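# Understanding the architecture of this molecule
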6 protein chains.
Amino acid sequence: MPRKVLEEKLQKFLEEDIGQGDITTSLTIPDNAIVAAEIFAKEKGIVAGLEEASVFLESLGLRTKAKVADGTEVKPKMPLLEAVGNARTLLSLERTLLNLLSRMSGIATMTSSIVKKVRKAGYGTRIACTRKVAPGLAYFDKKAVTIGGGDVHRLHLDDMVLIKDNHVAIIGDATQAIRKARENVSFSKKIEIEATSLEDAVKAAEAQADIIMLDNFSPSQIKKTLRALEKKKLRSEALIEASGGINEGNVLEFAATGVDILSLGEITQSAKALDMSLEIVKVMKS
Amino acid sequence: MPRKVLEEKLQKFLEEDIGQGDITTSLTIPDNAIVAAEIFAKEKGIVAGLEEASVFLESLGLRTKAKVADGTEVKPKMPLLEAVGNARTLLSLERTLLNLLSRMSGIATMTSSIVKKVRKAGYGTRIACTRKVAPGLAYFDKKAVTIGGGDVHRLHLDDMVLIKDNHVAIIGDATQAIRKARENVSFSKKIEIEATSLEDAVKAAEAQADIIMLDNFSPSQIKKTLRALEKKKLRSEALIEASGGINEGNVLEFAATGVDILSLGEITQSAKALDMSLEIVKVMKS
Amino acid sequence: MPRKVLEEKLQKFLEEDIGQGDITTSLTIPDNAIVAAEIFAKEKGIVAGLEEASVFLESLGLRTKAKVADGTEVKPKMPLLEAVGNARTLLSLERTLLNLLSRMSGIATMTSSIVKKVRKAGYGTRIACTRKVAPGLAYFDKKAVTIGGGDVHRLHLDDMVLIKDNHVAIIGDATQAIRKARENVSFSKKIEIEATSLEDAVKAAEAQADIIMLDNFSPSQIKKTLRALEKKKLRSEALIEASGGINEGNVLEFAATGVDILSLGEITQSAKALDMSLEIVKVMKS
Amino acid sequence: MPRKVLEEKLQKFLEEDIGQGDITTSLTIPDNAIVAAEIFAKEKGIVAGLEEASVFLESLGLRTKAKVADGTEVKPKMPLLEAVGNARTLLSLERTLLNLLSRMSGIATMTSSIVKKVRKAGYGTRIACTRKVAPGLAYFDKKAVTIGGGDVHRLHLDDMVLIKDNHVAIIGDATQAIRKARENVSFSKKIEIEATSLEDAVKAAEAQADIIMLDNFSPSQIKKTLRALEKKKLRSEALIEASGGINEGNVLEFAATGVDILSLGEITQSAKALDMSLEIVKVMKS
Amino acid sequence: MPRKVLEEKLQKFLEEDIGQGDITTSLTIPDNAIVAAEIFAKEKGIVAGLEEASVFLESLGLRTKAKVADGTEVKPKMPLLEAVGNARTLLSLERTLLNLLSRMSGIATMTSSIVKKVRKAGYGTRIACTRKVAPGLAYFDKKAVTIGGGDVHRLHLDDMVLIKDNHVAIIGDATQAIRKARENVSFSKKIEIEATSLEDAVKAAEAQADIIMLDNFSPSQIKKTLRALEKKKLRSEALIEASGGINEGNVLEFAATGVDILSLGEITQSAKALDMSLEIVKVMKS
Amino acid sequence: MPRKVLEEKLQKFLEEDIGQGDITTSLTIPDNAIVAAEIFAKEKGIVAGLEEASVFLESLGLRTKAKVADGTEVKPKMPLLEAVGNARTLLSLERTLLNLLSRMSGIATMTSSIVKKVRKAGYGTRIACTRKVAPGLAYFDKKAVTIGGGDVHRLHLDDMVLIKDNHVAIIGDATQAIRKARENVSFSKKIEIEATSLEDAVKAAEAQADIIMLDNFSPSQIKKTLRALEKKKLRSEALIEASGGINEGNVLEFAATGVDILSLGEITQSAKALDMSLEIVKVMKS
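None of these values were measured; they are calculated from a predicted model. (Residues numbered from 1 in each chain as written. Chains lettered and ligands numbered in written order. Predicted model: local features only at pLDDT ≥ 70, side-chain atom pairs only at ≥ 80, totals over all residues. Heavy atoms only, no water.)

Let us look at the interface of chain B and chain C. Opposite the 13 residues of chain B that make contact, chain C presents ten residues. Where chain B abuts chain C, roughly 1,000 Å² becomes buried across the two surfaces, and 60% of that area is made up of carbon and sulfur atoms. For the chain B face of the interface with chain C, the top three residues by lost area are Gln11(B), Glu15(B) and Gln20(B), together amounting to 51%. Viewed at the interface, chain C and chain B are joined by two salt bridges. Between Lys4(C) and Glu7(B) there is a salt bridge whose closest N-O contact spans 3.2 Å. Along the contact surface separating chain B from chain C lie three residue pairs in polar contact (both at pLDDT 80 or more). Top contributing element to the side of chain B that touches chain C by residue count: helix H1 (residues 3-18) of chain B, with six residues. (Contact = heavy atoms within 4.5 Å. Buried area = accessible area lost by both parts, 1.4 Å probe. Salt bridge = Lys/Arg side-chain N within 4 Å of Asp/Glu carboxyl O. Polar contact = N/O pair within 3.5 Å; in protein donor to acceptor, adjacent residues only side chain to side chain. Helix = DSSP H or I, 4+ residues; strand = E, 2+ residues; numbered from the N terminus.)

Structure, rendered in structure tokens:
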């Protein structure tokens, strides 16, 4: 995302927090004080958001130097980013900056942990997030998933057709839904459909869905479904995604089914923020 | 917050998700289909965000009926909100709506759980959140804390003076920082200062801080500090807040110290989203 | 697109035109005058934008009644839409409204004309637009293409991978570009690549591109390329798009090659606006 | 227009196109690749928008060098503008940039062609555009008209009084409309009125309109009207504008009437975009 | 200005004031309380802004009834506007609403007072404001001037050419400045120039400026200048505006010179706000 | 307030004024002309807004040099700020810049005059503004008050509880209002209540309001109220603010009462703008 577009998004976050100004800072810190600060990790995890942090700091006139790259596994006390510049500016943006970094790093950490667990067990299954992001933060949440090794899935409601239960409840028939979509959709888009039973999944494959999402299937139901598709020579015709009830604890059972993609809402919706702090390391002028 | 101001914030969230339009819905659902839908809880917790959800739905032309009030303790399958209207609109906003409700309810649930634990143990200690919110979501995160029975703490950087470590690091002296702030701050604002030692806390009370935050103190350090303040007849001169390392597991040990306020970053930053779903319950016209 | 999101876009167009207010109207028309007006076609074509026009008028407090549906083939003097309400409002928005309708209808008319020509000649080839839209008007331009029977192609830079000449110029090798993209792209996205020679196209198919764009190929080059792909049993592995130098005059020669998709920049970039006018048909109160 | 204000407008265009980011570019191009690119004309015409293009490129961190000035008559393969900088940024903005340049150059080309035709035939008639611009693009469309040698006419609804048919239809009487406007309008504004007959035009001149627009008059009707005004010694009291049905084909017949201004909707509404391309000419770092 | 465009401007004012919400009101007033309130004048003056006030109140869901019209001369305790609806909403917007009404009414009052003084003395001189408005409030300030019987002068920098001292300082010669402007300006715009001496004014008239502004001329200098213009038969060729140092005290001396327009910065920049209050007159539900 | 956030606010002011561009300047001034300009005071007063002026100028590419600091007492002809750069940009922003500086300086001048009068008479009473600011200008108006030596009072509706007459009119009882607020308000906020009688004030102090506003009390009523509070040993429990009917003329009588804070709407609502001008002092390139 071009820097200017990103800067504007970050600016809005700061504006929300700052109201009519950081009164603490303007009451106590000289307006030309210059400091150097460092952002430190306070716990173990995968850092994400350093690129955004640098853009944010630089857009406000501070010089920055990343000490590690996004995606690095960090440990407590490890310095992540250095910033030098106006003390008032730095103190005013500290919380907004850390809130973004901590959230993105928390998401990357959880994603990475699940991906590594799956890879270590020898599975190539894709680990994807969903659209269950924090409102307004899709770009940042999805970027953090990427940094953690996950797949971003749909970015907007306009980049893939995904026919869900509620669509079928209205249209009345999944096969017809796929046909209607296929007739009018741009060639540039894939079509995915949610299946709630083995039979649904088979029909979806027969109707030439590009991707079939097995919604709330147990690992054994998934296996049965995959076998049914293989029997009908449909297994390679579509990607198979499983979603619902998957978490770090049971992910290997799901991966073991041979499904192509596992998607988890919790990596963007319920990841614990990674603890970090910003510390003034040098007062150059006060 | 007046409805129109809120509507605009919610609209921005939808715009981000929708891109050039929900292609699935416009390809498969007739543009004049009318449906009734219900939002259900899928797990136990405290619901928050129903007021925002209603404003959002109504601003997009749907009729709504809340089945429970914000702050209600809900159980799986309990209906929370009913919406009737254009099917395309409803399906297009479903995810944005649930993302907000799930986040707010998750925060309210965690806050409430901690507050109840403290009250049940007989303590009146205030449980406060911090400014560790998701970027752009301060209003919603803080409102959820209120619904869960917590205290919102500062809303912006302009509504209280809070002199932190990094400020003191630059100014060089906490007492002087308080004096500088007091001289120029509006009478309408309180002054809080972070203390990192018993001595700091005593000096802050002597300098007439309205609130003193004991940063990363253990329960026993807090007790010692409170005793020292009492000895000097300073205990009732300032509110005492403890922050850092407090969580649902150890909150009672902190409450037992007699401190006035406990603040926890995790209730806004790391609460698990409350699982919910929206289901079409009736197709009135398709 | 939900009505509110659309309303806001349309409002911005009006604001640009109106400055500090329509001085002619406020100087000459009573502020409570009520009128009925009709929008008429002044030439033959396919009308598009009536849905947007209605949303725009209604959002400003006018009642509307569409006389025909979007996509209808209209003739001179045919009434398209009726609006009743405050005269000042109606006169102030007239030009903004007609500018949108005329543009969208012009695009739909050109698209439809080409699509019909191709269908009449017996070809099923998809006629697609490109991202050559007017800046800021992608939603409207692409919707008009749909109404005219065309394919919208990519909506944003984030909904399909499309590796162009300039990408390959930097990476150095098309096959590697496809491989790099495939490794990291979400399963939800297709991958297209631009080919500038028969050899390029074959390599792209071998590298499993989902779509191959033959850039500036003549009809005979396209035919040769398709034959080469068939020989290698690669024809059915990818969709083939031709782009560059195609227009209403030569479109049948391109369609005759058997290519899957023909994309034309001119339908969004150089379509003649369809002439229309708004006329006050009744003064109800002045 | 100050650069910052312009930058913001251009940024919005890019944001619309980019969604959550240019996935092709971020998947295939190293984030620190540096390239030089040139924009070339692909057909003959008058270039316009190079100033805006430079501002756009520079605002995103690229260095630029215009090879020709706005208003230059360009030929195929002529380099127009050079840009050097981050490859990802450049590739992400390419289409938005070309869309603006092509549109503006198309408008300037058509305007210039008509103006030159009229001048070559020895007429000094002003060639003006109207408010028939693309929604949201008034600034750019009107600037392109200026570059092509045309007159911008009204910029907003607030910068001149222009009483049209629909106003008169409500007020009932053109003379009264002019009087009402004159009584209350600021001295800083001119008053123009649309006339639909010779009689109307004479009355408008008698009522001291500053400008009279002859709406849909044939050349011979215009001549008669001008003669009637001369007879009454009113010809020099007002500027006379003809509008409606004028195009490049018949413009000389209209100019020959001796009217002061000819206005044409098609130069902003139906000009063919000027074909251009951006090519990477050097990879400095990849 | 169409209601929606106005609503948006007013909304922004409220948002600035409201931060994360009116905590007083939400802590003390039930969320479904319904009240009736009246706005009263607290001093004598001309009321302005009631139309904007009604739009504002209605856009937030309140019902309103104007008791007097904009432009009415009001007295202390006179009710101006009644509003009925949600108590929280009403209390939250009270200050924003009164700030706008008081400002606009203050401007209208001062304008009206000067206009009446001039009319009473028998002069028809136009009393105009300038662009010396409060930043962001041009629309409201200028509308208030109109309600007070004044002339709005230029609305933007784009609706008239006004060549000032600083322009001439750079170009070097006023006559040339007028010529340059005349050559390229649209026929739809007037040209005004600032003159700082009698000689300047004469040259400007000879160069066919539409309006000549005598900058900081004393009444006697103005008279001399008008005589000089009459002698050269140039008086009726241009409107003459005097500006600088004119106020309510000396306005008649300036009007007596026979100048066409007197413009005063102070009516928009230094008018005393008209004191008003909003009072709850009935609690319908609490 | 971080520079970027401020820049954006200032930009909006310019955009409002500039419409589609400063036509005078673009028609008469070469686009690469470079000039030096100075802003001069034209009357005596306290200058405010130079920091904002510098940010504004620099954000548009001009170099600046402040000749005096905000808060300086200036005299006619004293240079305040120097700017060097593009002539077109400078002339286009001149009026917006001066409007802001003149308004802020006018407010600072009036505030300072009152504060000095009070201090000179030996009183330490705080002089505060209210929320009676120009809509949209709270930040600038309040900053000017600070520069003039005044207190900013509440910044938003969310930074202090201030229970006013209208709240009590709905709740029915002031003591209950304070109790309701105290129970639920964050510990970070103060509670103020408006009293309209001596009895009200005493009850408010008994109910532990942090601040009590004596609304429209005469100096003698204030004295009586303070004595009553002293008798009950409540004087030191709350800050006492007097508001209503206070102005520069009578401020000493109010200060003499011993009240803690005097708040005046007129310093932000009715201050006379300080006259200033911008002059081109050198043409470096034209």
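Placing chain B over chain C gives an RMSD of 0.0 Å and needs a rotation angle of 120 degrees, together with 0.0 Å of translation along the axis. Overall, the copies show the geometry of a three-fold rotation axis. Among all residues of chain B, the one whose C-alpha sits closest to the rotation axis is Glu8(B), at a distance of 5.8 Å. (Least-squares fit on C-alpha atoms with pLDDT ≥ 70 in both.)

Moving on, we get to the sheet that holds strand E1 (residues 34-41) of chain D. Residue and element names in this part refer to chain D. Taking strand neighbours across the sheet as the criterion, the four strands line up as E3-E5-E1-E12 in an open arrangement whose pairing is antiparallel. Each end of this open sheet is capped by a strand with a single partner; those strands are strand E3 (63-66) and strand E12 (276-285). Going from strand to strand, the sheet's axes swing by 15 degrees on average, the running direction of each strand aside. Sheet topology places E1 next to E12; eight bridges connect them, and they run antiparallel. Pairing of Ile34 across the sheet is with Lys285, part of E12. Running over the sheet, helix H3 (residues 50-59) touches E3 and strand E5 (79-86) and is turned about 5 degrees from E5. (Pairing = 2+ DSSP bridges. Axes fitted to C-alpha atoms, helices over the stretch in contact; angles between N-to-C directions.)

This paragraph deals with the relation of the copies chain C and chain D. When chain C is fitted to chain D, the residual RMSD is 0.0 Å, and the transformation amounts to a turn of 180 degrees plus an axial shift of 0.0 Å. Both copies are brought into coincidence by an operation consistent with a two-fold rotation axis. The residues that chain C uses at the interface reappear at the interface of chain D in 100% of cases, marking a shared surface.

A separate point is the pattern of salt bridges. Residues and elements named next belong to chain C. Considering all chains together, one arrives at 100 salt bridges over all chains under this definition. Notably, a salt bridge pairs Lys272 with Glu43, separated by 3.0 Å at the nearest N-O pair. Here Lys272 is found in the loop between helix H11 (266-269) and strand E12 (276-285), whereas its partner Glu43 is found in the loop between strand E1 (34-41) and strand E2 (45-46), with 229 residues between them in sequence. When its relative accessible area of 23% is taken as the criterion, Glu43 is described as partly exposed. Residue Glu194 is joined to Lys164 by a salt bridge in which the shortest nitrogen-to-oxygen separation is 3.6 Å. Placement of Glu194 in strand E8 (residues 191-195) and of Lys164 in the loop between strand E7 (161-163) and helix H6 (165-171) is noted, with a sequence separation of 30 residues between them. (Buried < 20%, exposed > 50% of the residue type's maximum accessible area, 1.4 Å probe, protein only.)

Moving on: the pairing of strand E9 (residues 211-215) of chain F. Residue and element names in this part refer to chain F. Across the five residues that make up E9, a large majority, five, are buried. Taking every second residue as pointing to the same face, both faces of E9 are buried, with Ile211, Met213 and Asp215 on one and Ile212 and Leu214 on the other. Across four bridges, the pairing between strand E8 (residues 191-195) and E9 is parallel. Bridge pairing in E9 links Ala195 to Leu214. Taking the sense of rotation as the criterion, the β-α-β connection linking E8, helix H8 (residues 198-206) and E9 turns out right-handed. For the crossover from E9 across helix H9 (residues 219-231) to strand E10 (residues 239-243), the handedness is right-handed. (Right-handed = clockwise from strand over helix to strand, strands pointing away.)

The next point concerns the sheet that holds strand E5 (residues 79-86) of chain F. Strand pairing in a sheet relies on backbone hydrogen bonds, with the paired strands running either antiparallel or parallel. Residues and elements named next belong to chain F. In spatial order, the strands read E3-E5-E1-E12; together these four strands make up an open sheet with antiparallel pairing. One side of each edge strand has no neighbouring strand; the edge strands of this open sheet are strand E3 (63-66) and strand E12 (276-285). Sheet twist, expressed as the average angle between the axes of neighbouring strands with direction ignored, equals 15 degrees. Pairing of E3 with E5, which is carried by four bridges, proceeds in the antiparallel orientation. When the bridges of E5 are listed, Lys65 appears paired with Glu82. The strands that helix H3 (residues 50-59) touches are E3 and E5; relative to E5, the one it contacts most, it runs at about 5 degrees.

One number sums up the size of the second largest cavity: a volume of about 290 Å³. Every element with two or more residues in the lining of the second largest cavity is listed here: helix H1 (3-18) of chain A, helix H1 (3-18) of chain D together with helix H1 (3-18) of chain F. Across the lining of the second largest cavity, the residue classes break down as no nonpolar, three polar and nine charged. (1 Å grid on protein atoms, 1.4 Å probe; cavity = no way out; pocket = protein on both sides within 12 Å on 5 of 7 lines; lining within 4 Å. Points joined across faces, edges and corners; volume = space filled by probe spheres on them. Nonpolar A, V, L, I, M, F, W, Y, C, P; charged D, E, K, R; others polar.)

On the surface, a cluster of positive charge is made up of Lys223(A), Lys224(A), Arg227(A) and Lys231(A). Within the fold, Lys231(A) resides in helix H9 (residues 219-231). (Patch = residues over 30% accessible without salt bridge, like charges linked within 9 Å, V, L, I, M, F, W, Y side chains within 5 Å. Areas by Shrake-Rupley, 256 points an atom, 1.4 Å probe, with all protein chains shown as cover. Lys, Arg positive; Asp, Glu negative; His and termini not counted. Charge placed at Lys NZ, Arg CZ, Asp CG, Glu CD.)

Residue and element names in this part refer to chain A. As assigned here, chain A comprises domain 1 (3-108 + 272-285) and domain 2 (115-269). Taking only C-alpha atoms, the centre of domain 1 and the centre of domain 2 are 36 Å apart. Contact with domain 1, which involves 18 residues of that partner, is made by 13 residues of domain 2. Together, Arg103, Met104 and Ile107 form the three largest contributors to the area buried by domain 1 at its contact with domain 2, with a combined 43%. The interface formed by domain 1 and domain 2 contains four salt bridges. Of the charged contacts in the structure, one is a salt bridge between Lys143 and Glu51, with a shortest N-O distance of 2.9 Å. Those elements giving two or more residues to the side of domain 1 that touches domain 2 turn out to be H1, helix H3 (50-59) and helix H4 (87-120). (Domains from an automatic or database assignment.)

One finds no contact between chain A and chain E; the C-alpha atoms of the two approach each other to within 7 Å at their closest. One finds no contact linking chain C with chain F; the least C-alpha distance across the pair is 7 Å.

Note on placement: Glu279(E) falls in strand E12 (residues 276-285). Spatially, the C-alpha atom of Glu279(E) lies 7.7 Å from that of Phe40(E), the residues being 239 residues apart in sequence. For Glu279(E), the residues in contact, after removing those within four places along its chain, are Ala36(E), Ala37(E), Glu38(E), Phe40(E) and Asn166(F).

Turning to the interface of chain C and chain D, a few remarks are in order. Opposite the 66 residues of chain C that make contact, chain D presents 66 residues. When chain C packs against chain D, close to 5,300 Å² is buried across both sides, 58% of that on carbon and sulfur atoms. For the chain C face of the interface with chain D, the top three residues by lost area are Pro135(C), Leu157(C) and Ile170(C), together amounting to 14%. Counting the contacts that link chain C with chain D gives two salt bridges. Of the charged contacts in the structure, one is a salt bridge between Arg131(D) and Asp17(C), with a shortest N-O distance of 2.6 Å. Linking chain C with chain D are 32 residue pairs in polar contact (both at pLDDT 80 or more). Of all the secondary structure elements, the ones that give two or more residues to the side of chain C that touches chain D are helix H1 (3-18), helix H2 (23-28), helix H4 (87-120), helix H5 (138-147), E7, H6, helix H7 (174-184) and E12 of chain C. Sort the elements by how many residues they give to the side of chain C that touches chain D and H4(C) lands first, with nine residues.

All names here are of chain E. Between its terminal C-alpha atoms helix H9 (residues 219-231) stretches 19 Å, which fits the 18 Å expected from 13 residues at 1.5 Å a residue. Contact partners of the buried residues in H9: helix H8 (198-206), strand E9 (211-215), strand E10 (239-243) and helix H10 (251-255). Where H9 ends, the next residue or the one after it, Lys233, has phi of about 60 degrees, a positive value. (Expected span 1.5 Å × (residues − 1).)

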